[in-house]
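# What the coordinates show
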Amino acid sequence: MVNPVLLIAVPLIGAFLIPLLSAVRLKVLSRYIVFITSSFSLVSAILLFYHVTYTGILSVSIAGFKPPFGINLEVTLLGCIIVVLLSLGVLISSFYNLFIYPSEPEDKFNIALILLLLGGTGISLTGDMFNMFVFLEITSIAAYILSAYKRNGTGEEAGLKYLFIGSIGSLFFLLGVILLYTQAGSLNIARLAQYSASHLNNPVILFSAIMFIVGLGIEAEIFPFNWWVPDVYQAAPDSISSVFAGAISKVGIYAFIRIFITVFNGIPYYEALIYLVLVGSLIAEGAALFQKDIKRLFAYSSLGQIGFIVFAFLLKRADGYSAGIFMLLNHALVKMLIFILIGGIFVALSTTEIEKMKGIGRKSPILGILFTIGILTLAGLPPFSGFYAKLFLLKATFQHNYFIPAIIIIVASLIEAFYLFRLIYIFYSPGHEKKHSFSTASLATGFILIILILGMSIIPFHIKKQYTDKAAKSLFMRSLYIKEVK
Amino acid sequence: MNFTIGHLILVIVGAGIITAIVTKFNRLSGSITALLLSIGIAFVCFYPAFHILPISFTTGDYTFIFNLSTLSRFFLMLFSGMFPLVIMATVSTKPKAHYYFFFYLILASVIGTISSQDLLSFFFFFELMTLFSYLLVIYKKRAIKAGLVYILMGIIGGLSLLLGIFYVFWLSKDFRISVEILKGSYATLFLLSLPFLIKMAAMPVHIWAPDTYKESEDVYTAFLSGVLSKLGIYGLIFFWFTWGIYGLSAWGKVFDVPVTGYIIAWIGAITAFIGAVYALLSEDVKKLLAYSSISQLGYILVGFGIMSSLGWAGALYHTLTHTIFKTMLFIVVAGIIFRLNTTKLSEMGGLIKKMPVSFLTLLVGIIALAGVPPTMGFASKYLIYSALFEKKLFLLTAVVFAASTAAFLYAYRLIHNIFLGPLKTSLKNTKEAPLPFLIPSLILSLFLVMFGFFPGVPLEWINNILMSLGMKSIASTFTTISTSLGGFNGLLSSSIFISIFGIIFILYLILFPKAKWVNDKNTFTAGEVMHNTDLLTYSSHFYRFLEREFGLLIKLSVKKLYDNILGIFEWMFDVARKLLYHGNVNGYVWAIILVTLTFVISFLIGGLR
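Just so you know, these numbers come straight off a predicted model, no measurement behind them. Residue indices follow the written sequence of each chain, beginning from 1 at its first position. By the order in which they are written, chains take letters starting at A while ligands take numbers starting at 1. It should be noted that, the model being predicted, local features are given only for residues of pLDDT at least 70 and side-chain atom pairs only at 80 or more, the latter also being counted only at that level, while totals for whole chains, interfaces and linings use all residues. Side-chain numbers here rest on the full set of heavy atoms in the structure, without hydrogens or water.

## A closer look at the overall build of chain A
Going along the chain from the N terminus, every DSSP run of H or I of four or more residues is numbered as a helix, and every run of E of two or more is numbered as a strand. From N to C terminus, chain A includes 20 helices and two strands. The C-alpha atoms of chain A give 21 Å as radius of gyration, which agrees with the globular expectation for 486 residues (23 Å, within 12%). The dimensions of chain A, computed from C-alpha atoms along their principal axes, are 70 × 60 × 40 Å. When checking whether two residues touch, look at their non-hydrogen atoms; a contact exists if any pair is within 4.5 Å. In chain A, 81% of the contacts between residues at least 6 apart in sequence involve partners at least 24 apart. Counted charges follow a simple rule, with Lys and Arg positive, Asp and Glu negative, and His plus the chain ends left uncounted. Charged side chains are reduced to one point each, which is NZ for Lys, CZ for Arg, CG for Asp and CD for Glu. In chain A, which carries 33 positive and 22 negative side-chain charges, the distance between the mean positions of the two groups comes to 6 Å. C-alpha atoms define the radius of gyration in this analysis, and the globule rule sets the expected value at 2.2 Å times the number of residues to the power 0.38.

Below, the structure is given as structure tokens:
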């Protein structure tokens, strides 16, 4: 077993090493640090996942102090899945950066990327509310830096917007934490869960729940707090958009569901939240219809999908959670793939305008095939994994007797099909006579992700049974989480 | 020898992969491989000593069941029998590797669809078929726009099917097909019928068909229109039968027909009529056939909607007839387009001497289309009309009859504009279509005539289906069909029909012994010298007088209506987008505060209560 503390310590050491290595003129080495660190995180998170499958939730106290007084890590199955996704995203992004920018990126970029990994891992593994806030801040600050990395006006604008909105979110989160602390006298998540279970009528608890809804809603890109997302995804470098859409948004969702399922389970107005989230999805999908910029389009599409994922976690059923986790995995892989491929297109055409991409599918068949598979998966067509995600979600929805949400999901899928197939139409319609050289890095990275997506499409029921069902079950049984820290 | 449906599907996918690999190296040997493998697959499906066994497997709480019912066996024969004939026609067009790959995948998913006996695998394979079919439609660059409409309509159908399936699941807590479906409401019936109406291109949802049929690859159009559209009638029978005709009757009856069926019959009749009108006004040969296909599938819907055993027999019989003649017509036309490189009717004319075999097969095809003996088209029209008369649906009959009249007109236009009249000067050097086009069309026209003489042979299979669905069978022998309203002898009527023509021909030889061939220009110019003989061909706007009559009908366009509806939705989304995602940080901060306040107030009100 890998000590989960290492998952946080190693990126931290990596982040310190980068400027050190640069200072002693080993800049060549420093470029590989992100790659190595994220590979380590990926492997150890997978190992940790299997370990947790056998032992149940793993509680690690840091520096020997037991939970009420010390800080502890709570390694859950879902947390491991999120770390796997995050480290995969960072790995793929760094792999892509290694090839696509021979001289760049600079140290700052690498440090920020590694801090993103660190923060996300921390959020997913921590068992302490205040720790979560600290990690959230680390992640957010790294994300602000990365989204403003392209110094071309739009990047700075987006970064600034993100900074404003994100810091408001952090403030709300902090306020929520403070309010909870005044009532429960502890910051340990398991303790808080135990406390809030019997004190849900306490108006202060309810008020802090609202603070968390707003704060985490901003971080997890949940409607109606996700206005900043399209700007950021559009302006960030392609490999970073890939991490944002694929992994960081999932970390935000993790924080949201950890707090709302484990701590505030059973707060009132669940129904209102469900409809709010779904209407938000519908609006985001509708907004995607009008986008002329491909990155912005997929940003809106992400918002739509995130709405469904959150909806699945609001279902209060183990099979709903399972569907949500499956969807989350599927969406993470597809969005990483798509943004990486967009990076490849951008290198060739130096534009992200959809209209200018006419005919590239015919000029570069491999890119066309990869993109088409990505789009078909996103659109939820069989035999790809997106279909199974939709299937599991609809099944859970109907078993919960939600009929109108199911119709909203179906309508949103229809809108999705409209803009996604319009993209295929653009890609394969005549145009663009001259041949472009698409970066092999983007295609090679795409291949890795396509293999994962196809793997998920071939054995969806196995994945559901072996991984998502188990993770959902451990999320559903709150007592398991609480018991760990008695 | 025994094997399961799973094996059959895997073998077909394997055949597709092999063909694709061979085609990658050499186009011609790839085509031949495709042909041989498809003949092998057809043999496997047809040979009685091979038993195709059911298969079912369970993963988690999902059970997938595949089994061939009598109904699906009929469609299996239809699909696997037509497949090699269509593949044969592709040989001279030398398509690329992925063309064959997708073609085989379509066959595999079609067989998966017709053998699924649970809702989920039905949906899975049905969507798969739509997807692969789309990928094959956009094989031609020109079809990319038509393909977009095709896949979007397919997805609308698919999502409607999915919702319907989940509605049934909601009621019965199971994806298996059971009597629980009976509890379903009008909504379920609508949701579960819409995808098949789309697939059959019934009138309000036909908008994908004309352009897709026109733009897609010429030989694939034959399969798409002739064969794949029949999945629609399969799906309708599959789901409606499960409801049970008696279950449907519980919702009321009109003229002794369940009201839902009556609506379907009217949709079919209107489709048949308007489709035929559009067909006779088309200036493009593939578009003409496309509208003709829409129109003919309307007849099938009429037969289906009557919901009597005679009606369903007529629907299934016409399914067979239409599959054969429409596949054949599209293959013949594909051969002509292959030689002429144009689809415009105005650029054809006078090809009868250059392409005699194509002419002959097309003639048989349009005779079958018109429903005249000695082809099997007569039997299917006979059954549908008998079903209409049996229930005394005279208004419906009148509309269907008008559609048949229009069918005569466009069938005549087809043969006149392509083959008759003086030869265009630009077509002087045209040769007969290559053999790969002629052989399948000859085989198919042979079937059309043969079943015209022996109409009872297909009816025997159809009777088996009707009995397996618990309906009365139609009394028949090899050569006769008899219904409650009378009957006919196919051998006799066809023989009489042919002998009348023979007698007239002999009389002509006897009465006008001095008749001689004149140059066809003479009949037009009355002996004057004419230099530009191309002007003599009268083919563009052939039915101008009807164009004037139907002017209003042509102007009406469902597409515009859909565009307007979409426009309204787009406007709504645009307003929502501009309100919410406006890009102004100040606004966002205010909105966050506002939303938070709303939450707080609502929580407070809730908490105080």
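Now that the structure has been shown, we can carry on.
## Overview of the overall build of chain B
When helices and strands are tallied, chain B shows 25 helices and nine strands. For a compact globule of 609 residues, the expected C-alpha radius of gyration is about 25 Å, and chain B comes in at 27 Å, within 12% of that figure. Considered along the principal axes of its C-alpha atoms, chain B spans approximately 110 × 60 × 55 Å. Throughout, exposure labels follow a simple rule: accessible area from a 1.4 Å probe, protein chains only, divided by the maximum for the residue type, with under 20% read as buried, over 50% as exposed, and the rest as partly exposed. Relative to its full complement of 609 residues, chain B shows a buried share of 58%. Look at the contacts in chain B between residues 6 or more apart in sequence, and 80% of them connect residues 24 or more apart. Of note, chain B has its 42 positive side-chain charges centred 4 Å away from the centre of its 24 negative side-chain charges.

## Points about the packing of aromatic side chains
Aromatic rings from Phe, Tyr and Trp, with only the six-membered ring used for Trp, were paired whenever their centres fell within 6.5 Å, and each pair was classed as stacked if the ring planes differed by under 30 degrees, edge-to-face if by over 60, and tilted otherwise. Scanning the entire structure with this criterion turns up 92 aromatic pairs over all chains. Judged by centre distance (5.1 Å) and plane angle (85°), the ring pair of A:Phe173 and A:Phe212 falls under edge-to-face. You can see A:Phe173 sitting in helix α6 (residues 154-184) and its partner A:Phe212 sitting in helix α8 (residues 203-219), a full 39 residues away along the chain. Geometrically, a lysine NZ or arginine CZ counts as sitting over a ring once it is within 6 Å of the ring centre and also within 35 degrees of the ring normal. Sitting above the plane of the B:Tyr62 ring, A:Lys395 keeps its charged end 4.5 Å from the centroid. One Lys or Arg, B:Lys199, reaches over the ring of B:Phe126 and ends 5.5 Å from the middle of that ring.

## A closer look at the interface of chain A and chain B
Every contact between the two is made by 66 residues of chain A and, on the other side, 52 residues of chain B. Both sides together, the interface formed by chain A and chain B hides about 5600 Å², and carbon and sulfur atoms give 84% of it. The largest per-residue losses of area from chain A upon contact with chain B belong to A:Trp227, A:Phe290 and A:Lys395, which jointly make up 13% of the total buried on that side. The rule for a salt bridge is simple: a side-chain nitrogen of Lys or Arg has to be within 4 Å of a carboxyl oxygen of Asp or Glu. Joining chain A to chain B, the criterion identifies zero salt bridges. Counting of polar contacts relies on pairs of N or O atoms within 3.5 Å, with two restrictions inside protein: one atom must be capable of donating a hydrogen and the other of accepting it, and residues adjacent in sequence are counted only when both atoms are side-chain atoms. At the junction of chain A with chain B, the criterion picks out four residue pairs in polar contact (both at pLDDT 80 or more). Looking at the side of chain A that touches chain B, the elements with two or more residues in it are α6, α8, α9 (228-235), α11 (270-288), α12 (294-313), α16 (385-399), α17 (403-428) and α19 (460-476) of chain A. Throughout, buried area stands for the accessible area (probe radius 1.4 Å) lost by two parts on being put together, summed over both.

## Points about the domain arrangement of chain B
Residue and element names in this part refer to chain B. Start and end positions for the domains come from either an automated domain assignment or a database one. Taken domain by domain, chain B comprises domain 1 (1-243), domain 2 (256-556) and domain 3 (557-608). Using only C-alpha atoms to locate each centre, domain 1 and domain 2 end up separated by 26 Å. Contacts between the two partners involve 44 residues from domain 1, matched on the other side by 48 residues from domain 2. Between domain 1 and domain 2 the total buried area reaches about 3900 Å² when both faces are included, carbon and sulfur atoms providing 83% of it. Counting the surface domain 1 buries against domain 2, the share from its top three residues, Phe74, Met203 and Trp240, is 17%. Connecting domain 1 to domain 2 are three salt bridges.

## A short note on the side chain of B:Thr327
Residue and element names in this part refer to chain B. Note on placement: Thr327 falls in helix α14 (residues 309-340). Owing to a relative accessible area of 0%, Thr327 belongs among the buried residues under this scheme. Sequence-distant contacts of Thr327, defined by excluding residues within four places in its chain, comprise Met82, Val86, Ala222, Gly226, Val227, His322 and Leu444.

## So, the sheet that holds strand β8 (residues 480-483) of chain B
Residue and element names in this part refer to chain B. Strand pairing is assigned whenever DSSP identifies at least 2 bridges connecting the two strands. Strand order in the open sheet formed by three strands is β7-β8-β9, with antiparallel pairing between adjacent strands. The sheet is open, and its two borders are formed by β7 (475-476) and β9 (486-489), each paired with just one other strand. Of the strand pairs in this sheet, β7 and β8 are connected by two bridges, and their pairing is antiparallel. Note on β8: the bridge partner recorded for Ala475 is Ser482.

## Some details on the environment of A:Val263
All names here are of chain A. Take Val263: it is sitting in helix α10 (residues 238-263). Residue Val263 is classed as buried on the basis of its relative accessible area of 1%. Note: C-alpha distance between Val263 and Phe392 (129 residues apart in sequence) is 26 Å. Beyond its immediate chain neighbours, meaning those up to four positions away, Val263 contacts Met129, Ile189, Leu192, Ala193, Ser196, Arg258 and Arg478.

## Let's talk about α16(A)
Residues and elements named next belong to chain A. In this analysis, the expected span of each helix is defined as 1.5 Å times one less than the number of residues it contains. For α16, which comprises 15 residues, the first-to-last C-alpha distance of 21 Å matches the rise-based estimate of 21 Å (1.5 Å per residue) to within 8%. Extensive coverage of α16 is indicated by the burial of 14 of its 15 residues. A positive phi of about 60° marks Asn401, the residue just after α16.

## Notes on the packing of α6(A) against α9(A)
Residues and elements named next belong to chain A. Where helices are involved, their axes are fitted lines through C-alpha atoms of the stretch in contact, as for all axes, and angles between N-to-C directions lie from 0 to 180°. In the contact formed by α6 and α9, the axes pass within 9 Å of each other and the chain directions differ by 140°. For the pair α6 and α9, the sense of crossing is left-handed. Along its contact with α6, which presents Thr154, Gly155, Ala158, Lys161, Tyr162 and Ile165, the element α9 presents Trp228, Asp231, Val232 and Ala235. Under the scheme applied, nonpolar residues are Ala, Val, Leu, Ile, Met, Phe, Trp, Tyr, Cys and Pro; charged residues are Asp, Glu, Lys and Arg; polar residues are all the others, including Gly. Classifying every residue of the contact of α6 with α9 by side-chain character gives six nonpolar, two polar and two charged. Helix crossings fall into two classes, left-handed where the near helix is turned counterclockwise from the far one by less than a right angle and right-handed where it is turned clockwise.

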